[in-house]
Amino acid sequence: MRVLSIATLFPDTARPNFGLFVEKSLRALAAQPGIELTIVAPVGLPPFPLSLHKRYRALRSLPRSEVWNGLTVLRPRFTLIPRVGARFNPAKVARAVLSAVRGRSFDVIDAQFFYPDGPAAMRVADTLGLPFSAKARGADISHFGHDPATQSQVIEAGRKAAGLLAVSEAMRGDIAAIGIDPAKVAVHYTGIDTARFHPGDRAAARTTLGMGGAPAILTVGALIKRKGQALVIEALPALPGVHYWLAGAGDEEGRYRALAQKLGVGARVHFMGPVANADLPQLYRAAAAVVMPSVSEGLANAWVEALACGTPIVISDAGGAAELVTSPIAGRIVERTPGAIAEAVRAVLANPPSPSDVAASLGGRFDWDRNGRELATHLRRCASR
């Protein structure tokens, strides 16, 4: 089966952690028997001279075609209009994809993110006369599926797709809520590399990272309002002695620093910046809890990684939260208030579960080989339609 996968979220030399789980899933797909995979990872660049901005400068030099960790990846360019151009991206991505694959033949098209990849795949599929699939991961539905500027394209792609995937049962419900037939949607859980993400010596991890002896809580993710790090900072006055470590970067960092100083907890809030994926297992093991009160999620990769490392999670009732936190061993699902977060953290610190029990709570549901097999089966089913 010849698969064309469109992935606007995919790593490159300028952004090695960008869409890392998409890469892992596609590597698992490529490893399945009888799969011939071509990945198109379109690169959006604004018009000159905006393309000279530091945010885009490194992207300009990316190769148009390369072998990335054994995968064939094409990186055509499309014109990106920052902030206001989201509604135009699917058509521009589709044109870039069609130009990149001219002369090649495929059996099915796979969109790894519902927007803009899904509507772009719909256009490419229509041009080439092929069936297509799209996968929902989180903001592609919670934001683009509700934004008046993009909602109609999301719904049209969902209606025309031969099949759909969602990262959690909750995300499947979110897809149905915007008017897409849930009978077309299969739940496709992410994978986890258990050779790397597994319980380890917590004290040794803390020593390696220089965390000292104070209890540590952790958030992994972009510093943006949706992730809710401000709520965790606001909970710290009720958690004396607890230190908060933030792994990630984003536009809200300045505001978060000012908030921590205002509340008198600045010395207990540690901004780590972006953390390489290879360093995450040690970081998860060093924390007593991973705290992520997000407004919305699909099924956050950080949740699964933390649990695999034996660290309980304190999370909001977002996305597939209830599919992971099925007992106090795995952590707590809390309201998005500083008081509720502080209470849950105190409960975890007072009675820390065994790391091996926390990891066992995943029940073997998150495996890359299974993920690849299921994706191959799903795409074969789509191709047959």
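Structure shown above.
My aim in this report is to walk through the structure given alongside it, one point at a time. (Residues numbered from 1 in each chain as written. Predicted model: local features only at pLDDT ≥ 70, side-chain atom pairs only at ≥ 80, totals over all residues. Heavy atoms only, no water.)

All told, the structure shown has four aromatic pairs when counted by the stated rule. Between phenylalanine 21 and tryptophan 368, the ring centres sit 5.7 Å apart and the planes meet at 50°, which makes this aromatic pair tilted. Here tryptophan 368 lies in helix H16 (residues 368–384) and phenylalanine 21 lies in helix H1 (residues 20–30), a separation of 347 residues in the sequence. With relative accessibility at 13%, the residue tryptophan 368 sits in the buried group. Taking NZ or CZ as reference, arginine 15 lies 4.2 Å from the ring centre of phenylalanine 18, over its face. Seen from the ring of tyrosine 189, arginine 365 lies directly overhead, with NZ or CZ sitting 6.0 Å from the centre. (Phe/Tyr/Trp six-rings, centres within 6.5 Å; stacked < 30°, edge-to-face > 60°. Helix = DSSP H or I, 4+ residues; strand = E, 2+ residues; numbered from the N terminus. Buried < 20%, exposed > 50% of the residue type's maximum accessible area, 1.4 Å probe, protein only. Lys NZ or Arg CZ within 6 Å of the ring centre and 35° of its normal.)

Before going further, it helps to examine the sheet that holds strand S14 (residues 289–292). Reading across from one edge, S13-S12-S11-S14-S15-S16 is the order of the six strands in this open sheet, with parallel pairing throughout. A strand with exactly one partner marks an edge of an open sheet, and here the two such strands are strand S13 (269–273) and strand S16 (331–334). In this sheet, neighbouring strand axes are inclined to one another by 20° on average, regardless of whether the strands run parallel or antiparallel. As judged from the three bridges shared by S14 and strand S15 (residues 313–316), these two strands associate in the parallel manner. Bridging from a neighbouring strand, valine 290 pairs with isoleucine 313 of S15. Across the sheet, helix H14 (residues 338–350) lies against strand S11 (216–220), S14, S15 and S16, angled at about 170° from S16, the strand it touches most. (Pairing = 2+ DSSP bridges. Axes fitted to C-alpha atoms, helices over the stretch in contact; angles between N-to-C directions. Contact = heavy atoms within 4.5 Å.)

Looking now at the pairing of S15. Neither face of S15 is exposed, since Ile313 and Ile315 on one face and Val314 and Ser316 on the opposite face are all buried. In this fold, S14 hands off to helix H12 (residues 301–308), which returns the chain to S15; that crossover is right-handed. Pairing geometry for S15 and S16, over four bridges, is parallel. Bridge assignment links isoleucine 315 to a residue of S16, and that residue is isoleucine 333. (Right-handed = clockwise from strand over helix to strand, strands pointing away.)

This brings us to the pattern of salt bridges. Should their charged atoms come close, side chains of opposite charge can pair. This structure, assessed with the given rule, holds eleven salt bridges. For glutamate 169, the salt bridge goes to arginine 172, with nearest N and O atoms at 3.2 Å. Of the two residues, glutamate 169 and arginine 172 both sit in helix H7 (residues 169–177), three residues apart, roughly one turn of that helix. Overall, the relative accessible area of 24% leaves arginine 172 in the partly exposed class. Among the ionic pairs, aspartate 369 bridges to arginine 373, the shortest N-O distance being 2.3 Å. In this pair, aspartate 369 and arginine 373 both sit in helix H16, four residues apart, roughly one turn of the helix. (Salt bridge = Lys/Arg side-chain N within 4 Å of Asp/Glu carboxyl O.)

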